[in-house]
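Residue-level structure breakdown
Chain by chain, the residues run as shown.
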Amino acid sequence: DGGITQSPKYLFRKEGQNVTLSCEQNLNHDAMYWYRQDPGQGLRLIYYSQIVNDFQKGDIAEGYSVSREKKESFPLTVTSAQKNPTAFYLCASSPGLAGYRDTQYFGPGTRLTVL
Amino acid sequence: AQSVAQPEDQVNVAEGNPLTVKCTYSVSGNPYLFWYVQYPNRGLQFLLKYITGDNLVKGSYGFEAEFNKSQTSFHLKKPSALVSDSALYFCAVRDRRAAGNKLTFGGGTRVLVKP
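As the structure is a prediction and not an experimental result, all values here were calculated from the model.

**A few points about the side chain of Ser73 of chain A**
You can see Ser73 of chain A is positioned in the loop between β7 (64-66) and β8 (76-78). Of note is the side chain of Ser73 of chain A, whose polar atom sits 3.0 Å from the side chain of Glu24 of chain A.

**Considering the pattern of salt bridges**
All chains considered together, the criterion is met by seven salt bridges over all chains. The salt bridge partner of Lys102 of chain B is Asp59 of chain A, with a shortest N-O separation of 2.6 Å. Linking Lys102 of chain B in the loop between β10 (87-95) and β11 (104-105) with Asp59 of chain A in the loop between β6 (54-57) and β7, this pair reaches from one chain into another. Under the relative-accessibility criterion, Lys102 of chain B is labelled partly exposed at 21%. The shortest N-O distance in the salt bridge between Lys58 of chain B and Glu64 of chain B comes to 2.9 Å.

**Thoughts on the pairing of strand β8 (residues 64-68) of chain B**
Residues and elements named next belong to chain B. In the sheet, strand β7 (residues 56-58) pairs with β8 via three bridges, with the strands oriented antiparallel. In the strand pairing of β8, Val57 is matched with Ala65. The turn joining β8 and strand β9 (residues 73-78), which pair antiparallel and follow one another in sequence, is formed by four residues; a positive phi near 45° is taken by Thr72.

Calculation criteria
Residues numbered from 1 in each chain as written. Chains lettered and ligands numbered in written order. Predicted model: local features only at pLDDT ≥ 70, side-chain atom pairs only at ≥ 80, totals over all residues. Heavy atoms only, no water. Helix = DSSP H or I, 4+ residues; strand = E, 2+ residues; numbered from the N terminus. Polar contact = N/O pair within 3.5 Å; in protein donor to acceptor, adjacent residues only side chain to side chain. Salt bridge = Lys/Arg side-chain N within 4 Å of Asp/Glu carboxyl O. Buried < 20%, exposed > 50% of the residue type's maximum accessible area, 1.4 Å probe, protein only. Pairing = 2+ DSSP bridges.

Printed below as a string of structure tokens:
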């Protein structure tokens, strides 16, 4: 898990509430990513950011929002518009300098449960 | 478009026997291939990657993978499995032209190594 931290480890949310998941990295990486993991479905990309103050939608961005105000931080907000938010959320980062050769490194994850 | 398939949901192997986890891919250009391992309730750990060059790639913890362009495969192997290798393994692919250096993950293969 290296220099990528995610908090909290477990998060419980009531329906209709927005929640924010934290992701911080001290690797001086330019690029950061958010994935959602559901059983048997592998990882699906929610949002990614290649530089500060810029981010792009991934495959399943609906109901989520992000910001990238600092290089080391990429918080994810799960809004009430996300219909099925219960999942394991993984943050990753990569140097961003090697382009397609880049390796993504992952944080320990946050398990979100909607009550 | 890029995609990856892991045809086996689970692989069972006795400790000390060879371990193989299968992965096939589809990309429109040159593939860049990755293997990750995930232990329960943890993030993904990078094992190895193929970018170019030698078709046999050696990685962490004694794992290796063989890139086969004609069969569009990138199978993960370990000559002698350990009980501690029991985990969830993910193959991922990137097309050189993928926007944001996006990775596409397979659904994962659970490996169970029995003593």
